[in-house]
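# Observations on chain architecture
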Amino acid sequence: MPKFTIDGKTLEVAPGTRVLEAALKHGIHIPHFCFHPALSAPANCRMCLVDVGLPKMKPDRTPELDAAGKPVIAMLPKLQTSCSTVVSEGMVVDTQGPRVKQGQHSVLEFILINHPLDCPICDKAGECMLQDNYFGWSREDSRIEPPDKIRKHKIVDLGPKIVLDTERCILCTRCIRFYDEVTKAPSLGIVNRGTFSELQVMPGRELNGTYDYNIVDICPVGALTSRDFRFRKRVWFLKKTAAICTHCATGCNMTVEEDEGRLWRQTPRLNPAVNGFWMCDAGRSAYHHTLDARRLTQPMRRGAGGTLEPASWNEALAFAAQKLRESGAGVAGFVSNRSTNEELFAFERLFAQALRGAPVASLETEVGILPLPPADGLLIRPDHNPNSRGVREIAASAGAWTGAEDLLSACAEKRIRTLLVMDPDLVGRSPNPAAAEHALASVENLIVIASHPSAATALAHVVLPGAAAQEKDGTYTRFDGRVQRSRAAIPPPGHARTELEILLGLAKMLGADFGWTSPRAAFTSLAQASKFFAGLTYDLIGPLGAVPAAAVAEQPASLV
Amino acid sequence: MPTAVASPPVVFSEAALAKFRVLLTHYPEKHRRAALIPTLRLAQREFGCVSNEVIEYVAGLLGLAPVQVHEVVGFYTLFHREPPGKYHLQVCTNVSCMLNGSQKIVDHVCRRLGIRPDQKTADGKFSLETVECLASCGTAPVMMVNDTYCENLTTDAVDRILDDPERAGELWIPNEANYIRRWKTEDTLIVTRRFNNPDPVSLALYERDGGNAAWRKVLEEMKPDEVTEVVKQSGLVGRGGAGFSAGLKWSFIDRKSKEPHYLTVNADEGEPGTFKDRYLMEQDPHMFLEGASICSYAIGAHTAYVYIRGEFGKAQEIVQKAIDARTAAGLLGKNILGSGFDLDIHVHTGAGAYICGEETGLLESLEGKRGQPRSKPPFPAVIGLFQGPTIINNVETLANVPDIIVKGAAWFASIGVPKNTGTRMLTVSGHVMKPGYYELPLGIPLRTLIYDVCGGLRPGRQLAAVIPGGASSGWLLPSEIDVPMDFNSLRAAGSMAGSGAVMVIDDSVCLLKVLLRIEEFFQDESCGQCTPCREGTGWLARVLHKIEHGEGTKADIDLAFSIANNMAGITICVLSDAAAMPMQAVIKKFRPVLEAHVEHRGCPQTH
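### Focus on the overall build of chain A
- Helix and strand counts for chain A stand at 17 helices and 23 strands.
- For chain A, the spread of C-alpha atoms along the three principal axes comes to 90 × 55 × 35 Å.
- Relative to its full complement of 560 residues, chain A shows a buried share of 57%.
- Once local pairs closer than 6 in sequence are excluded, the contacts in chain A between residues at least 24 apart make up 67%.
- Computing the positive centroid from 62 side-chain charges and the negative centroid from 60, chain A places the two 2 Å apart.

See below:
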């Protein structure tokens, strides 16, 4: 493990560590642009220059010592880029000296001379590395007359998702390397040379892949903008919440960004064990599903005329509870692999404690609620649901649940009078939608908890409006067993409530008390009830999730 | 519905496919991409230009993403995205040609054809492009008509050529500068000794003149390390520009590496004012190929590439023929002369990019990429071409090697000055009576070179400045020309020996105009990867342009100096430093010239 000294601090690092990585890890910020921890380092921006010295060696390859017995350090004649300099034993690095400052000033000036400085209308403003580095390491007046700037192409469509501003581009090649090294599908390149260099796609082709929005995140400036976010919102108004994407079993960690209760953007959140720095475009764009104007926001009951009519929560819950109570052995429930562990546990408890152990089933389906590209070996998995593993583990700890097919048959045969459904689209997601629809239509009392309308809500006698993923707290169990926590970024719309609140409301009306009400307490109780979750708590899960002891052997290698 | 004009499908003919398959054999199987630039050149000949369809086709042939081909095409100037005229005229406008009236040639062509640079005549017969140094500076001004060089141009010659472009090669009148110039007959000649022999490709003639003796001696009697040691002892330093000890460089080869070792011959001569390697290859290809063979043996390389500048069609042809002759004679190939040593040498052609003369830019280019220099370390001797240990040597450097082996290190070291031994080809252009290339012992004073060797200045003219080592070198004042022309002395004088290109400027031209032309050259040739060079070269050129055209202030002079200072020493390769050096030298030594432009609100000198 080589030891080196940086700004007087001695650090020990793993062999092969680059100076910039070591510095950032230890809180020494060296300004940079082209360096990205997940990509190769071309050292092209030249921003991260530092002074480097190496111990002078005697002919016998031992360090030469001075009178005080300290190694004599020979400084290299030129500044070095810290992103490409590998730490070696005895190396001395200075990030603060006048020569370093001069180098940093020069590079920033060169980057800025042809930059349009259109920060007021730039989507990157507020989270721009150029702004931050200028503020931190330059603050000098421009020495170029605006008319002397080189004009390039301001609006270049790179495809349906990405717009390029070549004047803002600093040619750091992060986006090029993203395709070359991460998706392994080279898609961008630089044409021409020198001051006339420009980022381009192959003429006649466009960027229309599965991971394109990631280049907007890693663009250090506002050159690459997302059509979905461009000119919509100033980033400094956005409040950020750590959440989990629910559109496949990968469970990419993400940041949900909102202002005044409205979602504006979802961006990947670094988790080396799950998604690294990235997420897929479909998952990122899925917040539009939450914004859907057709959302269910009002409890409803089928009225005398046979149509669904608005009801108060009290009326709707009381009616549902009454039917569940009255139906005796003719009660059953459907949960789904889209629910949180806490919701599944509450549903299980409701049926065990208040409904005499009435049967519960869950569709074993990989169909989610949004179209997603096929599994690709990168981040997208074949199962487009966030919690199939959670269903399996909670069902197992509860004793076997009923098969979905059997339960639907029981409904069709009218052996089930009252059915409580907590699946976003039981008909559409089932292998035989016509049979499922027939089954639901055969039930006397169909109670559906859902955030969006579906074939099931159309048939329902009671609709209890639920929350979308960004609107609730809870945990999901990833395919490999890792338990990850997602937090509510915004409240549910209108009169909608979280599923946990709805289930607790039903429990109360049915006279059951689980001894907990919050998701945190629900999880603690689950961890006591289930061997699989044993030992875990919200505190242990933290921002990056936790692996139950039972799943340690399944964990894949780190992505970063 | 508009009916589309049926365009022929973009598919190689059988003949082109056969050539493509041969190209593929030149490179390791897992580095097929190396064939990209030669394949694109083949495609351009086949299809007339490199259109999007051609890019898609070539990408398919080599298993690349189209954008990877697109960015390579966009880097090299010899690729045409649209068909040029039947006769594509490229007029050099770099310093040596500029000093000899290239602007008049450009203007004349424009007038005659009614087009401007980068345009094509309506009938599609001619297209015109102004280009950077074509390595024909002793015979400036020069123009290429397709692949044919036309030198010593006058407007009369241009008229003759435009009237009958098919015969362009015969219609200009060569002057004596095309013949080897020797100053004193008793001087030792090494690399130019066999110039003007009737058949440069002939192996029989080469051997009659003592050729291949060194190659045989090495294979029969010497161990690889002994060869390196002799070269080290000879004091031979690289003739490409940096002046680093050739033998020492060879000794750095990473012998522990499991990857194949390579020699790459740098024949990408492009430093403005330099025109030695082109002639070395055309006049005596065997001598440097023998040197390359010896070097390959010393470093354990079984494959060598000669990376020849794209414009040098004639040199490519001659070197290929010489390689074929050597292979046929058993001097290359398997088990050479029964020694058990194998070596193949391949010609690899560039496609128009000055930066590919930088050794790691050259390696990137050879691997089929944009010629962007690599960060060092690792140095090529450790990780070079195709990840293998690689030595890159200039043509002239290698041409010296056979004589060093035959006549010994001490003989070579006795020529020149201590630490800078041997002879050197100096290529003199600009305002001297006898421009041309001269092989002279290292260390000859610049004054002697200009006034005795090259016949001095034109009558009635005063010396204004000398650029002693190519466009990248710092300029010298007339008072500084007693400096000896070796690497160390020129370095001590604050300039550099560089590529041995001496450009002499008299008082008939505006020095700022010359400097601006140089900075425009660096602006055009910066690869664009490092910020300071990409942005600095352009900014410098724009500031100088303002001063030259009367829009500058004294503050702009200081600004230019500051830009140059800020560009130096902080980039991956030294192109940025090369752009800074002339600027710094001019401001230090010729500041009054710039100030006069500010005071006169324009160029005070009309000519």
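### Topic: the packing of aromatic side chains
- Under the criterion given, the structure shown has 34 aromatic pairs over all chains.
- The interplanar angle of 40 degrees and the centroid separation of 5.2 Å between the aromatic rings of Phe514(A) and Trp516(A) together place this pair among those described as tilted. Across the pair, exposure class does not vary: Phe514(A) and Trp516(A) are buried alike.
- With 5.6 Å between their ring centres and 5 degrees between their planes, Phe12(B) and Phe47(B) make a pair best called stacked. Of this pair, Phe12(B) sits in the segment before α1 (14-24) while Phe47(B) sits in helix α2 (residues 36-47), and the two are 35 residues apart along the sequence.

### What to know about the sheet that holds strand β8 (residues 390-394) of chain B
Residues and elements named next belong to chain B.
- Read from one edge of the open sheet, 4 strands run β7-β6-β5-β8, paired in parallel fashion. Each edge of the sheet is formed by a strand with only one pairing partner; in this case those strands are β7 (344-349) and β8. This sheet shows a mean twist of 20 degrees between the axes of neighbouring strands, independent of strand direction.
- Note that strand β5 (residues 261-267) and strand β6 (residues 301-308) share 7 bridges and pair parallel. Residue pairing across strands places Ala267 opposite Ile308, the latter belonging to β6.

### A word on the packing of helix α14 (residues 285-299) of chain B against helix α15 (residues 313-328) of chain B
All names here are of chain B.
- Packing of α14 against α15 leaves a shortest axis separation of 10 Å and a crossing angle of 60 degrees. Judged on the interaxial angle alone, α15 and α14 are oblique. For the element pair α14 and α15, the recorded crossing hand is right-handed. Two secondary-structure elements touch here, α14 through Pro285, His286, Phe288, Leu289, Glu290 and Ser293 and α15 through Ile318, Val319, Ala322, Ile323, Ala325 and Arg326.
- Class assignment of the residues belonging to the contact of α14 with α15 gives a composition of 8 nonpolar, 2 polar and 2 charged.

### Quick word on the pairing of β7(B)
All names here are of chain B.
- Taken across its 6 residues, β7 has 5 buried, putting it largely inside the fold.
- Alignment of β6 against β7, held across 6 bridges, turns out to be parallel. Paired with Thr303 across the bridge in β7 is Asp344.
- Running through α15, the crossover from β6 to the neighbouring parallel element β7 is right-handed.

### Quick look at the pattern of salt bridges
All names here are of chain A.
- Under the definition given, this model contains 68 salt bridges over all chains.
- Lys472 serves as the salt-bridge partner of Glu343, at 3.1 Å between the closest nitrogen and oxygen. Taken together, the residues Glu343 in helix α9 (residues 341-354) and Lys472 in the loop between β21 (462-465) and β22 (474-477) connect sequence positions 129 residues apart.
- For Glu343, a relative accessible area of 2% gives the class buried.
- Connected through salt bridges with shared partners, the residues Asp118, Arg151, Lys154, Asp165, Glu167 and Arg168 form a single ionic network.

### Here's the deal with the domain arrangement of chain B
- Looking at the assigned domains, one finds that chain B contains domain 1 (14-73), domain 2 (87-175), domain 3 (203-413), domain 4 (416-506) and domain 5 (511-599).
- Each of domain 1 of chain B and domain 2 of chain B has a C-alpha centre, and these two points are 30 Å apart.

### Some points on the environment of Met222(B)
Residues and elements named next belong to chain B.
- Inspection of the secondary structure puts Met222 in the loop between α10 (213-221) and α11 (224-234).
- The spatial distance from the C-alpha of Met222 to the C-alpha of Tyr297 is 9.8 Å, given a sequence separation of 75 residues.
- Among residues more than four places away in sequence, those in contact with Met222 are Lys217, Val227, Val230, Tyr297 and Ile405.

### Considering the interface of chain A and chain B
- At the junction of the two partners, chain A supplies 40 residues and chain B supplies 45 residues.
- Broken down residue by residue, the surface that chain A buries against chain B is led by Phe110(A), Arg193(A) and Met202(A), which jointly contribute 25%.
- Taken together, the links from chain A to chain B amount to 3 salt bridges.
- A salt bridge links Glu525(B) to Arg193(A); the nearest nitrogen and oxygen atoms lie 3.0 Å apart.
- Taken together, the connections running from chain A to chain B amount to 23 residue pairs in polar contact (both at pLDDT 80 or more).
- The greatest single-element share of the side of chain A that touches chain B, amounting to 7 residues, is contributed by helix α2 (residues 98-113) of chain A.
- For the side of chain A that touches chain B, the per-class residue count stands at 21 nonpolar, 11 polar and 8 charged.

Conventions adopted
- Residues numbered from 1 in each chain as written.
- Chains lettered and ligands numbered in written order.
- Predicted model: local features only at pLDDT ≥ 70, side-chain atom pairs only at ≥ 80, totals over all residues.
- Heavy atoms only, no water.
- Helix = DSSP H or I, 4+ residues; strand = E, 2+ residues; numbered from the N terminus.
- Buried < 20%, exposed > 50% of the residue type's maximum accessible area, 1.4 Å probe, protein only.
- Contact = heavy atoms within 4.5 Å.
- Lys, Arg positive; Asp, Glu negative; His and termini not counted.
- Charge placed at Lys NZ, Arg CZ, Asp CG, Glu CD.
- Phe/Tyr/Trp six-rings, centres within 6.5 Å; stacked < 30°, edge-to-face > 60°.
- Pairing = 2+ DSSP bridges.
- Axes fitted to C-alpha atoms, helices over the stretch in contact; angles between N-to-C directions.
- Parallel < 35°, antiparallel > 145°, perpendicular 65-115°, else oblique.
- Left-handed = near helix turned anticlockwise from the far one by under 90°.
- Nonpolar A, V, L, I, M, F, W, Y, C, P; charged D, E, K, R; others polar.
- Right-handed = clockwise from strand over helix to strand, strands pointing away.
- Salt bridge = Lys/Arg side-chain N within 4 Å of Asp/Glu carboxyl O.
- Domains from an automatic or database assignment.
- Buried area = accessible area lost by both parts, 1.4 Å probe.
- Polar contact = N/O pair within 3.5 Å; in protein donor to acceptor, adjacent residues only side chain to side chain.

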